[in-house]
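# Observations on the model geometry
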Amino acid sequence: MAATTSLVVGSLVWVEDSDIAWIDGEVMEVNGEDIKVLCTSGKTVVVKASNVYPKDTEAPQCGVDDMTKLAYLHEPGVLQNLRSRYDMNEIYTYTGNILIAVNPFRKLPHLYDSHMMAQYKGAAFGELSPHPFAVADAAYRQMINEGISQSILVSGESGAGKTESTKLLMRYLAYMGGRAAAEGRTVEQQVLESNPVLEAFGNAKTVRNNNSSRFGKFVEIQFDRRGRISGAAIRTYLLERSRVCQVSDPERNYHCFYMLCAAPPEDIQRYKLGNPRSFHYLNQSNCYELDGVDDSKEYIATRRAMDVVGISSDEQDAIFRVVAAILHLGNIEFAKGKEIDSSVPKDEKSWFHVRTAAELLMCDEKLLEDSLCKRVIVTRDETITKWLDPQSAALSRDALAKIVYSRLFDWIVDKINSSIGQDPESKFLIGVLDIYGFESFKTNSFEQFCINLTNEKLQQHFNQHVFKMEQEEYTKEEINWSYIEFVDNQDVLDLIEKKPGGIIALLDEACMFPRSTHETFAQKLYQTFKNHKRFSKPKLSRSDFTICHYAGDVTYQTELFLDKNKDYVVAEHQALLGASNCSFVSGLFPPLAEESSKSSKFSSIGSRFKQQLQALLETLSSTEPHYIRCVKPNNLLKPSIFENKNALQQLRCGGVMEAIRISCAGYPTKKPFDEFVDRFGLLAPDVLDGSSDEVAACKKLLEKVGLQGYQIGKTKVFLRAGQMAELDTRRSEVLGRSASIIQRKIRSYLARRSFIVLRRSALQIQSVCRGQLARKVYEGMRRQAASLRIQREMRMHLARKAYNKLCLSAVSIQTGMRGMAARNELRFRRQTRAATIIQSQCRKYLARLHYMKLRKAAIATQCAWRGRVARKELRKLKMAARETGALQAAKNKLEKQVEELTWRLQLEKRTRVDMEEAKTQENAKLQSALHDMELRFKETKELLAKECEAAKRAAEVVPVIQEVPVVDQQMLEKLTSENEKLKAMVSSLEKKIDETEKKFEETSKISEERLKQAMEAESKIVQLKTVMHRLEEKISDMESENQVLRQQTLLNSPVKKISQHPPIPVFPNLENGHHIDEANKSNEPQSVTPVKKVGTESDGKLRRSNLERQHENVDALINCVKKDIRFSHGKPVAAFTIYKCLLHWKSFEAERTNVFDRLIQMIGSAIEDEENNGHMAYWLSNTSALLFLLQKSLKAAGSSGATPSRKPSPPTSLFGRMTMGFRSSPSSNNLAAAAALAVIRPVEAKYPALLFKQQLAAYVEKIYGIIRDNLKKELSSLLSLCIQAPRTSKGSALRSGRSFGKDSPSTHWQSIIDSLNTLLSTLKENFVPPVLIQKIFTQTFSYINVQLFNSLLLRRECCTFSNGEYVKAGLAELELWCCQAKEEYAGSSWDELKHIRQAVGFLVIHQKYRISYDEITNDLCPILSVQQLYRICTLYWDDNYNTRSVSPDVISSMRVLMTEDSNDAVGNSFLLDDNSSIPFSVDDLSNSLQEKDFLEVKPAEELLENPAFEFLHE
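No experiment lies behind these values; they were computed from the predicted model shown. (Residues numbered from 1 in each chain as written. Predicted model: local features only at pLDDT ≥ 70, side-chain atom pairs only at ≥ 80, totals over all residues. Heavy atoms only, no water.)

## Quick look at the nonpolar core
- Phe201, Phe257, Leu368, Phe1148, Leu1374 and Trp1377 are the most contacted members of the largest nonpolar core, which has 264 residues in total.
- Core analysis: the next-biggest nonpolar cluster, separate from the first, contains 49 residues, Leu458, Ile504, Leu620 and Cys653 among them. (Core = buried A, V, L, I, M, F, W, Y, C linked by side-chain atoms within 4.5 Å. Buried < 20%, exposed > 50% of the residue type's maximum accessible area, 1.4 Å probe, protein only.)

## Re helix α8 (residues 295-308)
- For α8, which comprises 14 residues, the first-to-last C-alpha distance of 20 Å matches the rise-based estimate of 20 Å (1.5 Å per residue) to within 8%.
- Residues of α8 that are buried include every one of Asp295, Tyr299, Thr302, Arg303, Ala305 and Met306, and no others. Summarising the axial view, the buried residues of α8 lie within an arc of 160°, below the 170-degree limit, and thus occupy one face. More than 90 degrees from the buried face of α8, the exposed residues found are Lys297 and Arg304.
- Looking at the buried positions of α8, the neighbouring elements they touch are α5 (187-202), α6 (255-261), α7 (265-271) and α9 (313-330).
- At the C-terminal side of α8, glycine 310 shows a positive phi close to 100°. (Helix = DSSP H or I, 4+ residues; strand = E, 2+ residues; numbered from the N terminus. Expected span 1.5 Å × (residues − 1). Arc of directions from axis to C-beta. Contact = heavy atoms within 4.5 Å.)

## Quick look at the packing of aromatic side chains
- Per the counting criterion, the structure on display carries 39 aromatic pairs.
- Aromatic side chains tryptophan 1145 and phenylalanine 1509 sit 6.1 Å apart centroid to centroid with 55° between the ring planes, which places their arrangement in the tilted category. In this pair, tryptophan 1145 is assigned in the loop between α33 (1133-1144) and α34 (1155-1166) and phenylalanine 1509 in the segment after α49 (1501-1504), connecting sequence segments 364 residues apart.
- The exposure class assigned to tryptophan 1145 is buried, which follows from its relative accessible area of 2%.
- Taking the ring centre of phenylalanine 462 as reference, the NZ or CZ of arginine 629 above it sits at 4.4 Å.
- Just above the ring of phenylalanine 1402 sits the side chain of lysine 1408; from NZ or CZ to the centre is 5.8 Å. (Phe/Tyr/Trp six-rings, centres within 6.5 Å; stacked < 30°, edge-to-face > 60°. Lys NZ or Arg CZ within 6 Å of the ring centre and 35° of its normal.)

## Description of the environment of phenylalanine 320
- Structurally, phenylalanine 320 can be placed in helix α9.
- Distance from phenylalanine 320 to phenylalanine 257, taken between C-alpha atoms, is 8.9 Å for residues 63 residues apart in sequence.
- Sequence-distant contacts of phenylalanine 320, that is, excluding residues within four places in its chain, are made with Phe201, Leu260, Tyr271, Tyr299, Arg303 and Met306.

## Thoughts on unusual backbone geometry
- Residue proline 250 is reached from aspartate 249 by a cis peptide bond, and omega for that bond is 10°.
- Topologically, proline 250 is positioned in the loop between β12 (229-237) and α6.
- For the peptide bond that leads from lysine 499 to proline 500, omega is 0°, which places it in the cis range.
- Note on placement: proline 500 falls in the loop between α14 (490-497) and α15 (503-512).
- One non-glycine residue, methionine 362, adopts positive backbone phi at about 55°.
- Considering the arrangement of structural elements, one finds methionine 362 in the loop between α10 (348-361) and α11 (365-373).
- A relative accessible area of 33% places methionine 362 in the partly exposed class.
- Even without being glycine, lysine 1146 reaches a positive phi, approximately 60°.
- Tracing the backbone shows lysine 1146 in the loop between α33 and α34.

## Digging into a nonpolar patch on the surface
- Together, Ile742, Ile746, Tyr749 and Leu750 line one region of the surface with nonpolar side chains, adding up to about 390 Å² of accessible area.
- Note on placement: leucine 750 falls in helix α27 (residues 723-882).
- Given the relative accessible area of 39%, leucine 750 is considered partly exposed. (Patch = residues over 30% accessible without salt bridge, like charges linked within 9 Å, V, L, I, M, F, W, Y side chains within 5 Å. Areas by Shrake-Rupley, 256 points an atom, 1.4 Å probe, with all protein chains shown as cover. Salt bridge = Lys/Arg side-chain N within 4 Å of Asp/Glu carboxyl O.)

## Details of the packing of helix α24 (residues 673-680) against α27
- Viewed as axis vectors pointing N to C, α24 and α27 meet at an angle of 35°, and their least axial separation amounts to 10 Å. Where α24 abuts α27, its residues Phe676, Arg679 and Phe680 lie against Met724, Leu727, Asp728 and Arg731.
- Partitioning the contact of α24 with α27 into residue classes produces four nonpolar, no polar and three charged. (Axes fitted to C-alpha atoms, helices over the stretch in contact; angles between N-to-C directions. Nonpolar A, V, L, I, M, F, W, Y, C, P; charged D, E, K, R; others polar.)

## A short note on a negative patch on the surface
- Side chains of Glu1168, Asp1169, Glu1170 and Glu1171 sit close together on the surface and give a patch of like negative charge.
- For aspartate 1169, a relative accessible area of 40% puts it in the partly exposed group. (Lys, Arg positive; Asp, Glu negative; His and termini not counted. Charge placed at Lys NZ, Arg CZ, Asp CG, Glu CD.)

## So, the sheet that holds strand β4 (residues 44-48)
- Pairing within the open sheet is antiparallel, and its five strands lie in the order β4-β3-β2-β1-β5. Bordering the open sheet on either side are β4 and β5 (53-54), each of which pairs with just one other strand. (Pairing = 2+ DSSP bridges.)

## So, empty space enclosed by the protein
- With the rule as written, the count across this model stands at 14 cavities of 30 Å³ or more.
- Reported here for the largest cavity is a volume of approximately 210 Å³.
- Residue lining of the largest cavity: 20 residues in total, with Asn89, Glu90, Leu111, Arg1431 and Phe1470 positioned closest to the centre.
- At the level of secondary structure, the elements contributing two or more residues to the lining of the largest cavity comprise α2 (114-120) and α45 (1426-1435).
- With four residues, the top contributor of residues to the lining of the largest cavity is α45. (1 Å grid on protein atoms, 1.4 Å probe; cavity = no way out; pocket = protein on both sides within 12 Å on 5 of 7 lines; lining within 4 Å. Points joined across faces, edges and corners; volume = space filled by probe spheres on them.)

## Examining the environment of glutamate 157
- Examined against the element boundaries, glutamate 157 turns out to sit in the loop between β8 (150-155) and α4 (162-177).
- Taking the C-alpha atoms as reference points, glutamate 157 and serine 212, separated by 55 residues in sequence, lie 9.4 Å from one another.
- Those residues in contact with glutamate 157, other than ones at most four positions away along the chain, are Lys162, Arg208, Gly437, Phe438, Cys630, Lys632, Asn635 and Gln650.
- Here the side chain of glutamate 157 touches lysine 632 through a polar contact of 3.1 Å, side chain to side chain. (Polar contact = N/O pair within 3.5 Å; in protein donor to acceptor, adjacent residues only side chain to side chain.)

## Considering α10
- Taking 1.5 Å as the rise per residue, α10 with 14 residues should run 20 Å; its terminal C-alpha atoms sit 20 Å apart, in good agreement.
- Among the residues of α10, Ser350, His353, Val354, Thr356, Ala357, Ala358, Leu360 and Leu361 are the ones counted as buried.
- Summarising the contacts, the buried residues of α10 are in contact with α7, α9, β14 (343-345), α11, α18 (571-578) and α19 (583-588).
- Of the residues trailing α10, methionine 362 is marked for its positive phi of about 55°.

## Some points on the sheet that holds strand β19 (residues 544-549)
- Read from one edge to the other, the open sheet built from three strands follows the order β18-β19-β20, with strand pairing classed as antiparallel. Where the open sheet ends on each side, the last strands, each with one partner, are β18 (535-536) and β20 (552-557).
- Where β18 meets β19, two bridges bridge the pair, whose relative direction is antiparallel. If you follow serine 536 over to β19, its bridge partner there is threonine 546.
- Packing of α14 onto the sheet brings it into contact with β18 and β19, and relative to β19 it is tilted by some 150°.

## Points about the environment of threonine 832
- Position of threonine 832 among the secondary structure elements: in helix α27.
- For threonine 832, the side chain forms a polar contact with the main-chain oxygen of phenylalanine 828, separated by 3.0 Å.

## Some thoughts on the side chain of lysine 374
- Mapping lysine 374 onto the fold places it in strand β15 (residues 374-378).
- Since its relative accessible area comes to 19%, lysine 374 is described here as buried.
- Those residues in contact with lysine 374 that sit more than four places away from it in its chain are Thr385, Lys386, Trp387, Leu388 and Glu572.

Geometric descriptors of this kind do not, in isolation, establish any biological role.
As structure tokens, this is what we get:
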């Protein structure tokens, strides 16, 4: 990867650093092979060109999700990409199809919830952000589509997160292949719950990890043909047995020991346990507890998981009894015995542990002591018992503990496998391998040797897979390629496992000889492999050896190789535990077969492990592999710390660097055509001119540049190692030259601009000076002219002022005179008019007062009379009600009396009308007479006034003549008398009016009292009627009981009696269309005589005819409403017709009927075609309308009596309505209510009707959900295209004006608008209630918001500036649609898009780095959470203007807040969840409709022609 020819001064490069592995810097000087680099740390270094790697200046700050997209695929580039993504909390990264997972050392529950699994379900690999779910989904899809078994290999060193990644994979596979439990526990549940069980017994705290798996695990999950989990098997490898007896500080033993010591008190007492510090196998280390882990809770959780995987409670007790026995064995200490080289338990404490261990293992105490302190040697002639010294006895104790724990672990694995079960018919499987990574410590023993052998084998498999994938890509792109050589580690594998000269074979050979030691074994290795290039001997050691593995050299210590390789059970231990009284313990040590016991063939751990490894490799070779490489970022096990050297070593050990080296051996740089043209188009601008496509443009560009060895594929350009750096160098040169030209032009522009500014300033100074002189001259001239003008204006003002004063005085005098005259005239006119009004009002009042008194008197008289009649009738009714024997007659009599009262009231009403007419005529006569009198009075008064005036004139004309009276005295007296008579008549009329008013008031009071009495009588009549109805029902029940008794009596009597007394036929009421009770049918006699049959033949025919007729009516109704009979006045005809028929047939009040069942079946069969939205909308309209009618009509039986304090209902009888009519006049509202009441009538519903209402409500919700889901399904494919703008080529767009993108930006959004418009018109055509339309579109817009927003957060290519503009334009289309649809149908749909609107608004904002965190959270995106904002800010990149995202301070603030809320699973979830609930209730539907809307609805025309449905004409 050296780039000597490409490096120039100013290039950015990576150089090696002893502290942080790689550091970036700038080339300061190039002297042949020596390059001087200024590092970012400030120091200057001189390095060889072969040790320098180019740095990509255009790499995103937050890294790329797939490292094959890196322009420079080398160690520093990979390391920097992982580090930048880790700093952004992006812990997963792809390298092709390999997933690299960096352990965050913190809980990130939002990345692994069920909603996240739903997002990755079915998504193409690489479409969403890197994730283990994507790897598991790819494996599952490939298995289903291609029928090939898959395997997922999870590797990494201890603490890298292998176990957690394996759990996630198994969770996702259980999610994809899970099914409902058939017998309690499902296979996937058992597979998942096996993890905590195996972790309890196989995991322990190590230096590098608090939960390190000390065994390898391969889980085979079997699937049936439908992709459902049908079985599973768990295979384990190389459990670390030595940890049971030897634990180094600060590690811990296996978790189960500490869990058992923290068990409930009863368990601790039963097993005689105590504090872990008191047990030798646990107190070798000072670490007893783990941070954040409660062993007591883990114990309970482990017991619960054991229940799930099928381990019974007795077996669990036996397991923990064995674990406790191992702890007690460890506390047995030995001392010298009486005999030479003998040993016995040291003290009473040791004897206590011996007894306790024997008790727990249910074996003999003496035999346990002998098995620990003695050995039996069997020869041909005799059996020799040998004592063991204390040290050998301790080793025997540890051997027993190790073999018991190993057998126990194997039993648990076998039990889990047998409990889960395997599917023999399964055709394919997915295997998940969780195995230890490459290990190299200061002290490496046999376990590290086996672990590294495993990694060597897996690395060979991995290299072959990577090589295969690289070749497949070349073949897919159809490029010419030659064989790529890669380093094969077969020589290391031969060194270790080759027969007969491999290390394992030599180890087995040494174990077979009793006198062999680790030193002799080491010398044998030195002699055998002294010339092997992969094997070496350390200088200062006699028994160590070093192997050169693919990940580096590892030195092994052979001291315990022989002991750890021996795989046998001491005969005394086998006999002791095989004879245990506990079936569980004896089952762990079954008796050996005679052939195997006599066989001398040696069995070793190494050989058995090699066979297991070979079987594993064969299984993996038969499957399609997928790889997850786990990386531990630091050894402190703390979050937010990334150690470069540590991570780089793990990448090398994990084979990632080897995979990169294989890729670099071919064509490491693979650029799509559009990206290549965008990046390097400026090297040959003339190539981009014209109308050539991208492929041709790439070919011409590369030919013009002069590169050799590249390849042009179908979709990408493939470049050799170093060619990318060469192109970047040329690009930098072009950019440098362009920068120089731009700088030259800028400097010229700045100089010219400075000159122009100076020249303009000089001109401005000159103009200012000249202007100042001119202004002074002009000021003097202006002052002179102003003084002359002031004098002229002053003289004119004084003259005008004197004239105006004189004029104003004259006008004021004239105004006062004219106003006085006008006021006098106005005063006279007002007095005249007031006198006229007073006279007219007085006369009007007198006449009206007289009329009102007469009217009140008449009404009072009528009310008194009616009240008297009503009381008489009431007394008669009370008398009649007391006679219980004549209830039926009383009923008829009451009805006749009510009719008589009605007739009398009508007669009285007519009489009252006649009286009012007579009174009106009389008043009119009186008014006319009064008017005539007033006229005569006026005429007399006028004559008198005229005579007085004539007398005055005569007196003035002849004053000297003696005055002679000219007044006619007789006429004056006559007028005076008439005037007195009129006054007397008026006074008498006033007295009569006053008396009439008093009588009217008294009469009105009496009438009101009588009205109250009448109302009380009415209510009592209603009560009597209800009592009569109840008595009638009792009478009918008694008659039916009598009928049944008679029938029984007739059955028991002879035939003659039956013929003499024929039974009275009782006909059942079949008017409401209900079946006869089946119980009554069963009670009919089966062996009646012919005489009986003859008597009841006519009854049966009548019953059958009614039943058949009703069946025909129901069939006719269902056949009619099955058809599309459309709508009437905006309401569905079918729903209205069904309601009218059910109401007429009294089906709502029936105890038993099948009409409702048939209607429900009809609706269910009608909506089977769920894809037809028009058909579904039609039935949604019908069912919702019918539900509304039922809601308004039905009330539960007995509901009226449940609330006695409620206001009594208005009287419904004719007498009651007439009484109410006296007090209030009819209005339009009352008429409308009455009309609506005629359409919707309240009834007391029985159980079948209420059940039908519930079923109908369920169908409304179901149809609503079908329409909504159909729309969502239609939009889902379009939304995946709408979240990302069509890709265009910048270079081509800039130069040729054409885009390589084929899709118009608005095409997909317009398709969404068309889908919304189509559904809206369909719903409106079918008159679906607006409230349902609102809810459909509100939930659909919420779905759009969820899909777009989640895609934005999961796909980095969507978080761009141009994509934000594209989505914003589409959202504007949706906003326009909401405005056009209006609020009646759209409702609050636009508000549901608040998340995506704010996110897109943030994407298209310029200068994001200037925005503070408070501005983002308070102004721009208040609805988004911190996690969502952090995700958008870290994924954002500007593909148009290459601007920066938010500032690092804002990112750090968000990270701090996220860390504080890291334990809140809900708060950490940054994805939205779609709400698929039903957002409305029956009450909402009822409130949206009105009863008067159904007044003009007409029933079905087809049924109106049927004579049986004549009631529909009403």
